Amino acid sequence: MDLVPGFMLLVQPLSSWMYAPTFRNLSVLIVGWIFAGQRTVTGLLRAAMVDRHHSSFHRVFASAAWSLDQLGLAWLDTLKPWLGKGVIFLALDDTLARKRGMKVFGAGMHLDPIISTRRTALMHWGHSWVVLGVLMEFPLWPGRWFCLPILFRLYLNIKSAQRDGVLYRTRSELAVEMLHVLAGHAKHQRFHVVADSAYGGITVAGKLPDRFDLTSRVLLDARLHAPVPKRTQGTNGRPRRRGQRLPTPRQMLDRRCRKMTCDIYGRKDSVRWADVICYLYKLPERAVKVVAVEPTTGGRTKQAFYSTAADASARNVLAWYARRWAIEQMFRDTKNHLGFEEPQGWSPWAVRRTAPLAMLVYGWIIVWFASDGHRHWKPRPQSWHQDKPHASLRDMLATLRLQTVKRYAFAAGIRGAKTRKLMKTLENIVQLAA
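Being a predicted model, the structure only gives us computed values, none of them experimental.

## Re the overall build of the protein
Of regular secondary structure, the protein possesses 14 helices and twelve strands. The C-alpha atoms of the protein give 24 Å as radius of gyration, which agrees with the globular expectation for 434 residues (22 Å, within 12%). In terms of principal-axis extent, the alpha carbons of the protein reach across some 95 × 55 × 45 Å. Across the 434 residues in the protein, those meeting the buried criterion constitute 51%. Here the analysis covers contacts within the protein between residues at least 6 apart in sequence; of these, 64% occur between residues at least 24 apart. Of the accessible surface of the protein, which amounts to about 22400 Å², a share of 53% is contributed by carbon and sulfur atoms. One way to put it: in the protein the 65 positive side-chain charges average out to a point 0 Å from where the 30 negative ones average out.

Structure representation (structure tokens):
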């Protein structure tokens, strides 16, 4: 079974980065990934209705000659017609893929944010993935942002790295490595990264490649400084690295502030805000824009953000950071609908390659639906949800499955008076399977 041509056109550029037999097997696995209920290799083959031996498909992940980075960068090049010529926004974050088995490469105990609380941090056995994705807004959905992953790194904690004989690197080091890989690929493109506070420190902000900006959170008690004053002639001692101490973001909010209404996270909130162009204590070489906000509606607490794009407005800084939520939505959808946590490979290459395919499939589904698939989507009204403005990933996946099944059925020569009733039955089955 082959998927609809519009979807396979998005996958075809990857064939330039692997041998033809490997790409044919990968195409079969992608078909299985769309239709499978369980995303193991054998589950993918059953869904794709393939009778060949499973060993050649296991080798696609475990030993075939191809690079996951090259596939991600090729996918970025495919996205350029939708990205335009301006600054490309990126989202950076990490997520946990829960696993079982003591012999799985790279598995270890990591913080599980789903079951943890503000007071109690709980751990879970699994893989920790650091992901870099492109943030995109399609004309079909104005104001709705999607994160399409392109680069991936598997984080191993200290015990896992020692056990598997791998050099230990922090999540921040892996994130910086991905940013430099991207900078080496797109040498004349400007990028803007949005990340939470875990990637907003000096370990990332101080090592950004050229042509990269970063927007993240900053502590309310962060030490802020004015520019270094000009050194006068005859002054003794070493040159100053930092200027005069400025009020902290918390102190900025204690003074008289301006008010505005922000349209972020799909709702409008009124906030008090104050901003300043300054230098962070840990980053004295680069000017940043710091924005402190105190929402007066919505129940949120005081927060502070910064951006290395120092000439940006406060409204833009808040809107840029709000786009980061798209990567959280992507994590949720790939786990719930595309089996990100289900692959059972245990060898190093199989572990590093299999799970990221779920996130690449996510990007292909989003772009296919935005460019062609939305024409075939018909919302199914429910008693609890009469007016559905946007298609969810589940709707997009069901539409892709349905169009593939229809194409397969018509190619098989199904004709006659009962064709419409048969196609309606197939449509209901596909909708329920999604």
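Having seen the structure, we can now continue with the description.
## Brief notes about the pairing of strand β10 (residues 267-280)
Pairing geometry for strand β7 (residues 224-225) and β10, over two bridges, is antiparallel. Residue Leu224 lies in a different strand from β10, and its bridge partner there is Leu280. Linking strand β9 (residues 258-264) back to β10 in an antiparallel pair, the connection comprises two residues, with Tyr265 at a positive phi of about 55°. The sheet contact formed by β10 and strand β11 (residues 283-295) spans ten bridges and is antiparallel. Directly across from Ala274, in β11, lies its bridge partner Ala292. From the end of β10 to the start of β11, which pair antiparallel, there are two residues.

## With respect to the packing of aromatic side chains
Under the defined criterion, the tally for this structure stands at 13 aromatic pairs. One aromatic cluster is present, formed by Phe138, Trp141, Phe146, Trp368, Phe369 and Trp377 through successive ring pairs. One Lys or Arg, Arg144, reaches over the ring of Trp141 and ends 5.3 Å from the middle of that ring. The ring of Trp66 has Arg353 sitting right over it, with the charged end atom 4.3 Å from the ring centre.

## Side note on the pairing of β11
With five bridges connecting them, β11 and strand β12 (residues 303-307) associate as antiparallel partners. Considered in β12, the bridge of Ala292 is made with Ala304.

## Remarks on the packing of helix α5 (residues 68-83) against helix α7 (residues 171-185)
Contact geometry for α5 and α7: axes closest at 11 Å, N-to-C directions at 55°. The angle between the axes of α5 and α7 places the two elements in the oblique class. Crossing of α5 over α7 shows right-handed handedness. From α5, Asp69, Leu73, Leu76 and Asp77 reach across to α7, where they touch Val181, Leu182 and His185. Here the contact of α5 with α7 is composed, by residue class, of four nonpolar, one polar and two charged.

## A few points about the pattern of salt bridges
Oppositely charged side chains can form a pair if their charged atoms are brought close together. For the structure shown, the criterion picks out 20 salt bridges. With a closest N to O distance of 3.1 Å, Arg241 and Glu285 form a salt bridge. In this pair, Arg241 sits in the loop between β7 and β8 (245-246) while Glu285 sits in strand β11, placing the two residues 44 residues apart along the sequence. Close ionic contact of Asp254 with Lys302 constitutes a salt bridge, the shortest N to O distance being 3.8 Å. In this pair, Asp254 sits in helix α9 (residues 249-254) while Lys302 sits in the loop between β11 and β12, placing the two residues 48 residues apart along the sequence. Asp254 sits in the exposed class, given a relative accessible area of 55%. If you follow the salt bridges from partner to partner, you end up with Asp69, Arg153, Arg169 and Glu177 in one network.

## Things to note about α5
Look at α5: 22 Å from first C-alpha to last across 16 residues, which is about the 22 Å you get at 1.5 Å a residue. The axis of α5 is deflected most strongly, by about 30°, at Asp77, and proline Pro81 appears within four residues downstream. Taken together, the buried positions of α5 are occupied by Leu68, Asp69, Leu71, Gly72, Leu73, Ala74, Trp75, Leu76, Thr78, Leu79 and Leu83. Measuring from the backbone nitrogen of Asp69 back to the side-chain oxygen at the start of α5 gives 3.3 Å, which picks out Ser67 as the cap. Phi for Gly84, located one or two positions after α5, is positive at around 75°.

Definitions and limits used
- Residues numbered from 1 in each chain as written.
- Predicted model: local features only at pLDDT ≥ 70, side-chain atom pairs only at ≥ 80, totals over all residues.
- Heavy atoms only, no water.
- Helix = DSSP H or I, 4+ residues; strand = E, 2+ residues; numbered from the N terminus.
- Rg over C-alpha atoms; globule rule 2.2 N^0.38 Å.
- Buried < 20%, exposed > 50% of the residue type's maximum accessible area, 1.4 Å probe, protein only.
- Contact = heavy atoms within 4.5 Å.
- Areas by Shrake-Rupley, 256 points an atom, 1.4 Å probe, with all protein chains shown as cover.
- Lys, Arg positive; Asp, Glu negative; His and termini not counted.
- Charge placed at Lys NZ, Arg CZ, Asp CG, Glu CD.
- Pairing = 2+ DSSP bridges.
- Phe/Tyr/Trp six-rings, centres within 6.5 Å; stacked < 30°, edge-to-face > 60°.
- Lys NZ or Arg CZ within 6 Å of the ring centre and 35° of its normal.
- Axes fitted to C-alpha atoms, helices over the stretch in contact; angles between N-to-C directions.
- Parallel < 35°, antiparallel > 145°, perpendicular 65-115°, else oblique.
- Left-handed = near helix turned anticlockwise from the far one by under 90°.
- Nonpolar A, V, L, I, M, F, W, Y, C, P; charged D, E, K, R; others polar.
- Salt bridge = Lys/Arg side-chain N within 4 Å of Asp/Glu carboxyl O.
- Expected span 1.5 Å × (residues − 1).
- Bend = angle between axes of the 7 residues up to and from the residue.
- Polar contact = N/O pair within 3.5 Å; in protein donor to acceptor, adjacent residues only side chain to side chain.

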